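Summary of the model geometry
Below are the chains, spelled out letter by letter.
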Amino acid sequence: MAIDHKGRAVVIMGVSGAGKSTKGDMLAKVLNCSFLDADDFHPLLNKEKMRQGISLSNEDRIPWLEMLRDGQFVLLDAEADVLAARLEKRAAEGKHFMPAALLQSQLELLNIDEGEEIFKVDATLSPLVIVSKIQAFLFSDSDQTIDKRPLGIRNFKEV
């Protein structure tokens, strides 16, 4: 029996360099659905602030977060040194507006409450493994799986 995910939003979250766009695009292709990059929901003023190396405040983020609040959240998590290396590589290639200098402020503001229903995945795993884990999470609340644990934060790392 096919599962209808029409209208279902999956929010792939994490700080810059976690791989949200790459994994989100791959997941959309696997699920045959649309991929909308959360960066596209930032107003131009927010993007310009980041481009200039200015950290966003909570006030800057509130309207953006409000638009995304009704989704199922997946956190791509990695150590700061891994993220910094990714950002430096991306900046050298001219591929993103976010400078590596803002990484620390993002890490400091990323507060995940263990009671929130956020699925946490190790962002250093291969993209295919990450997408497979996200798929397993998305389908875990259906009748097609025996995993009936409550959501909360689940940590998955490659053994």
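Above this text sits the structure in question.
Just so it is clear, the structure is predicted and the values come from calculations on it, not from any experiment.

What follows concerns the packing of helix α1 (residues 20-31) against helix α6 (residues 127-139). Interaxial distance between α1 and α6 falls to 10 Å at its minimum, and their mutual angle equals 55°. For the element pair α1 / α6, the angle class is oblique. For the element pair α1 and α6, the recorded crossing hand is right-handed. Listed contacts from α6 to Lys23, Met26, Leu27, Val30 and Leu31 of α1 are Pro127, Leu128, Ile130, Val131, Ile134, Gln135, Leu138 and Phe139.

Our next topic: unusual backbone geometry. You will see that asparagine 32, though not glycine, has its phi angle at about 55°, which is positive. We classify asparagine 32 as exposed; its relative accessible area is 74%.

Once that is clear, we can look at helix α2 (residues 44-51). By the burial criterion, the buried members of α2 are Asn46, Lys47 and Met50. One side of α2 holds all its buried residues, which, seen down the axis, span an arc of 100°. Opposite its buried face, α2 presents the exposed residues Leu44 and Leu45, each directed more than 90 degrees away. Structurally, α2 contributes buried residues whose contacts are with α3 (58-68). Phi turns positive, to about 85°, at glycine 53, one or two residues after α2.

Reading the values: the criteria
- Residues numbered from 1 in each chain as written.
- Predicted model: local features only at pLDDT ≥ 70, side-chain atom pairs only at ≥ 80, totals over all residues.
- Heavy atoms only, no water.
- Axes fitted to C-alpha atoms, helices over the stretch in contact; angles between N-to-C directions.
- Helix = DSSP H or I, 4+ residues; strand = E, 2+ residues; numbered from the N terminus.
- Parallel < 35°, antiparallel > 145°, perpendicular 65-115°, else oblique.
- Left-handed = near helix turned anticlockwise from the far one by under 90°.
- Contact = heavy atoms within 4.5 Å.
- Buried < 20%, exposed > 50% of the residue type's maximum accessible area, 1.4 Å probe, protein only.
- Arc of directions from axis to C-beta.

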